[in-house]
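Okay, here's what each chain looks like letter by letter:
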Amino acid sequence: MDQKILSLAAEKTADKLQEFLQTLREGDLTNLLQNQAVKGKVAGALLRAIFKGSPCSEEAGTLRRRKIYTCCIQLVESGDLQKEIASEIIGLLMLEAHHFPGPLLVELANEFISAVREGSLVNGKSLELLPIILTALATKKENLAYGKGVLSGEECKKQLINTLCSGRWDQQYVIQLTSMFKDVPLTAEEVEFVVEKALSMFSKMNLQEIPPLVYQLLVLSSKGSRKSVLEGIIAFFSALDKQHNEEQSGDELLDVVTVPSGELRHVEGTIILHIVFAIKLDYELGRELVKHLKVGQQGDSNNNLSPFSIALLLSVTRIQRFQDQVLDLLKTSVVKSFKDLQLLQGSKFLQNLVPHRSYVSTMILEVVKNSVHSWDHVTQGLVELGFILMDSYGPKKVLDGKTIETSPSLSRMPNQHACKLGANILLETFKIHEMIRQEILEQVLNRVVTRASSPISHFLDLLSNIVMYAPLVLQSCSSKVTEAFDYLSFLPLQTVQRLLKAVQPLLKVSMSMRDCLILVLRKAMFANQLDARKSAVAGFLLLLKNFKVLGSLSSSQCSQSLSVSQVHVDVHSHYNSVANETFCLEIMDSLRRCLSQQADVRLMLYEGFYDVLRRNSQLANSVMQTLLSQLKQFYEPKPDLLPPLKLEACILTQGDKISLQEPLDYLLCCIQHCLAWYKNTVIPLQQGEEEEEEEEAFYEDLDDILESITNRMIKSELEDFELDKSADFSQSTSIGIKNNICAFLVMGVCEVLIEYNFSISSFSKNRFEDILSLFICYKKLSDILNEKAGKAKTKTANKTNDSLLSMKFVSSLLTALFRVLLWRYTSIPTSVEESGKKEKGKSISLLCLEGLQKIFSAVQQFYQPKIQQFLRALDVTDKEGEEREDADVSVTQRTAFQIRQFQRSLLNLLSSQEEDFNSKEALLLVTVLTSLSKLLEPSSPQFVQMLSWTSKICKENSREDALFCKSLMNLLFSLHVSYKSPVILLRDLSQDIHGHLGDIDQDVEVEKTNHFAIVNLRTAAPTVCLLVLSQAEKVLEEVDWLITKLKGQVSQETLSEEASSQATLPNQPVEKAIIMQLGTLLTFFHELVQTALPSGSCVDTLLKDLCKMYTTLTALVRYYLQVCQSSGGIPKNMEKLVKLSGSHLTPLCYSFISYVQNKSKSLNYTGEKKEKPAAVATAMARVLRETKPIPNLIFAIEQYEKFLIHLSKKSKVNLMQHMKLSTSRDFKIKGNILDMVLREDGEDENEEGTASEHGGQNKEPAKKKRKK
């Protein structure tokens, strides 16, 4: 039968073939086709013949085709056919599909859809036919019966796609079904159907199946719905990341974890690559991605940034078109995140409203950690971001070559945190990715070398961390480091020291690098520039410190040492101690030559030798011999000669120029430290070794010399040095300069000898007498210099030299003094002491307190981690057994104990009479209490006690001292904001200020409230007034931040009507809090705006803050404009707030403006007639400055009223009924006033006209005010 059909098909006409096919029974053809195909015979020719004999122009032919189609689809799906045959059959069916009439195409499509929904597909091969059927259907113009209605082909296609997407899809066909739609012409709405369906399938699929599905979705996105595709992918993986992190950090057993970490990261990496590839082909997709993440950032930068979306953005930076945009977006997100954190940390009010979130910085570091899973496409972006953050937010200022950096405390600025994050990104990327190491190192070194004039401490710290992490790994990049060495001579000294310190571990493992450095340093030693020679000395000293000679003592202060295994990896780089000794002695020879160079170079040597000895004790002989021979040049050996030192030899005279040649005081200081170290460290270990006595006899020589110098210095008078009171110390004469240098040398020598005698004293009385004698000599000289400097009144005269006393000596003195200070101050009342002593200058008690205050602030600023130990050391307990219990006592408890002592002192001081009140002491006490209160935990009862105590002090004590009032109020506010919002406190204070200063309308008498006694006529303005205004500004900033956050949430939640209607509910507590804050602030401004404030900063600041108040109110109104449709109107308390602003603030603002302008007008009239022109000019400048914010305020009020009108229309609530529109901007020319002004002064007609016009038109709000 098959042969007959084929032979008939070969004929020119198909008539006979049609006749033959009609004679066959229903199942014959299908059976024949089935047998042929299953046996693997060529079914294609048979199928073509059947189609030829079944034209669609005849009904019988169409039905036959229809049955053949159904049969073929079943055959292909059965899986019994060979691949080639199945493909051939599907290909033929595709070619013939467009011949079908519309109704049959609908039937065929429905068959497919029901097969998909019922899950009856076996291998899904036949699905290739569905896009052809849908495309063919879309081209049919005639109306087709569909369901109960009649639709066009295009509408039928839409209905079929809708039906298909709303049904169940079997997991294994999702990719195939999604891919299928790329071949169907789709409208935007249809693309959205398909995308939504595919995205909803993500959660039901295996992780490994998601990348191909994402790929198909991205291909499909070229037809539309780019935003939905990107949002869906990002949202799914962000949620998966979050779930994965929770599982890993939780206590669940490992087998409960849904996805292994490695697998998830690899899948994410593949998807990111797919998206980046798609963006390269379709830039619109990239624009959509950046736009989507930017919009989300407007309210809250953490809203739609996640480790996945950040990794995606970093990968997109490889596309040049988007590089700058993306890096800028990430940079601003980082800083915004840190600013938000800073705002949250400083406000308990915000902490209660905003839940704790993860921050962008932690997400970025998570991306670095995840990138270990072959995310090579992310690394370049990470490196660029790291350097951008470090370049943009590194330290900026430089003063005298030193970088000014703020304290490393918790309240560091967002910029510093951003810079630190940049360094962390680079360090962690360096650790993980080998291929990028060379580039990071090169970029860091480039910045160190090329930015000599700007601060680069952050890059040097990063370099140090990189080298410490892997010195051996960096050997491969040694050429970059040696290249940097070539620039050492041109870099500032501080940079050279830090750079060499950073690369020091490398010098131990790379011989070539060390040799290269030595060559560079030797050249620098003979350079013309002084800085280059100093750099050479610094480099050599560093090498001496770090290359130990055999037998050197181990020291806890050794710099970072390498493990043995690291050093032994490379045979050529293994240094033994014998080689080190030769190497070090060579360097010592080079350094000895420096002793004939300038004072600055010698000074560096003297400052460095002591450190060299401590770390390389075998060099002691060489160093000490050098120092002894140097000292002998300036020492007077005859025991009877005074003075014992040749000061003339230390000074160099070149014509008129006189300069210091030998810093003798530093030389003695170095000798004293080396000698003390040698006695304490080396001699105890060498007892019994007699053979070295001769060699080491010079230690005794040095002792004898120092002893002799001490005795003769005590005997010497200032006349012996030619430095008595009659000597010339002016900076303008050569003798004066010489005497100044000599005086500083003598004072330095005295300091060194004081320390030397203290170190060998063993607390003997005679030694202490010597120390006092030396101090008297020092004091005499110091007083003479101060006296002469006072007369000279020159800048240089006030310069003091650094003290030569070591920290060890100062700290042992301070340790003894500190307990005395604390005991003395807290035990002996100042008043008792002062009645007995009426000395000039500060009392001992006040000095004690000042010392305490400086120690407390220093510990907090620089030794944050050691605060617990510090507080424990303050708490002197006799019983040793209590130490274990002490460990459990918290910082808060220990701090509270100290606070109580100072609280008692302040109370005693405040209980004294006004005339006995010691302002300086009170100020110091408040400063101490402020720094101690920072250590209290805000949630502790001790903190609450401190707050209530401070509040009580402010309420009950009235002092007219402005500085004391300011510091006490600052303490109250700093405590208050950590506990709750200060708005009620501000309202009370504003009532007090109003009561004391009176009203702008002199006819109105103000009732005095007296909430806080600290507010009085003297302190109310400007002190308290400016403080409360700055606090109000902070509250407005917080409220503004919350409104922006709410707006951001609303703009993201406009995806569907249901979502946005539900979304407003969780925001209700935040909205309520915002309205409460603004309501209370409104009453605060209501008081201040009626207060007769003195001209100056108070008026200026109040006008600016009122402007901010209206701007914030406008922002809130605009927020309600966004949400009032979905939430069904505006809340009642918002209506009340608007009413309050209309009745209690706006009219009063206009009265206040009138008051300010009237004051300036009266100042004009009186000033011009009586005062000098200069005074008038100053007064006018002040008036201009004060009236400058007025137009801004009026504009802010008008903007607020404008948006209120919009909101009234939208919410159907008349919010303007409480607003009385002012007429003060109705600029009519009033003839009578103009004539009067012109008569008085023709020159100032414009100014006078405006001022008087404003005055005349603002009467209405003033009348309103009188009714209160």
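Further up the page is the structure itself.
Residues numbered from 1 in each chain as written. Predicted model: local features only at pLDDT ≥ 70, side-chain atom pairs only at ≥ 80, totals over all residues. Heavy atoms only, no water.

K.L.:
Would you mind showing me how to read the overall build of the chain here?
P.N.:
Scanning the chain from N- to C-terminus turns up 56 helices and six strands. For the chain, the proportion of its 1268 residues judged to be buried stands at 50%. The contacts in the chain between residues at least 6 apart in sequence include a share of 75% that link residues at least 24 apart. Surface summary for the chain: the accessible area is close to 61100 Å², and the carbon and sulfur share equals 53%. (Helix = DSSP H or I, 4+ residues; strand = E, 2+ residues; numbered from the N terminus. Buried < 20%, exposed > 50% of the residue type's maximum accessible area, 1.4 Å probe, protein only. Contact = heavy atoms within 4.5 Å. Areas by Shrake-Rupley, 256 points an atom, 1.4 Å probe, with all protein chains shown as cover.)

K.L.:
Hey, could you run me through helix 27 (residues 530–546) in this one?
P.N.:
Because the α-helix completes a turn every 3.6 residues, residues three or four places apart line up on one side. When the terminal C-alpha atoms of helix 27 are compared, their 25 Å separation across 17 residues agrees well with the 24 Å that a helix rising 1.5 Å per residue should span. The element helix 27 is largely enclosed, with a buried count of 15 among its 17 residues. (Expected span 1.5 Å × (residues − 1).)

K.L.:
Help me understand the environment of Phe322, please; the structure alone is not making it clear to me.
P.N.:
Topologically, Phe322 is positioned in helix 17 (residues 320–345). The exposure class of Phe322 is buried, given its relative accessible area of 1%. A C-alpha to C-alpha distance of 8.2 Å links Phe322 and Arg287, two positions 35 residues apart in sequence. Setting aside residues no more than four positions away along its own chain, Phe322 makes contact with Ile279, Tyr283, Gly286, Arg287, Val290 and Val316.

K.L.:
Looking at this structure, how should I read the environment of Val601?
P.N.:
Structurally, Val601 is set in helix 30 (residues 599–615). With 63 residues separating them in the primary sequence, Val601 and Ala538 have C-alpha atoms 9.4 Å apart. With near-sequence residues (within four places) excluded, Val601 lies in contact with Leu530, Arg533, Lys534, Val537 and Cys594.

K.L.:
What exactly am I supposed to notice about the pattern of salt bridges here?
P.N.:
Working definition: two side chains of opposite charge can pair if their charged atoms are close together. Under the criterion given, the structure shown has 29 salt bridges. Asp611 serves as the salt-bridge partner of Arg614, at 2.5 Å between the closest nitrogen and oxygen. With Arg614 and Asp611 both in helix 30 and three residues apart, this pair spans about one turn of that helix. In this structure, a network of salt bridges that share partners links the residues Asp241, Arg265 and Glu268. (Salt bridge = Lys/Arg side-chain N within 4 Å of Asp/Glu carboxyl O.)

K.L.:
Looking at this structure, how should I read the state of the cysteines?
P.N.:
A covalent bond bridging the sulfur atoms of two cysteines is what the word disulfide describes. According to the stated counting rule, one finds zero disulfides in the structure shown. Not part of a disulfide, Cys777 finds its nearest cysteine sulfur in Cys750, a span of 3.7 Å. We classify Cys777 as buried; its relative accessible area is 12%. (Disulfide = S-S within 2.5 Å.)

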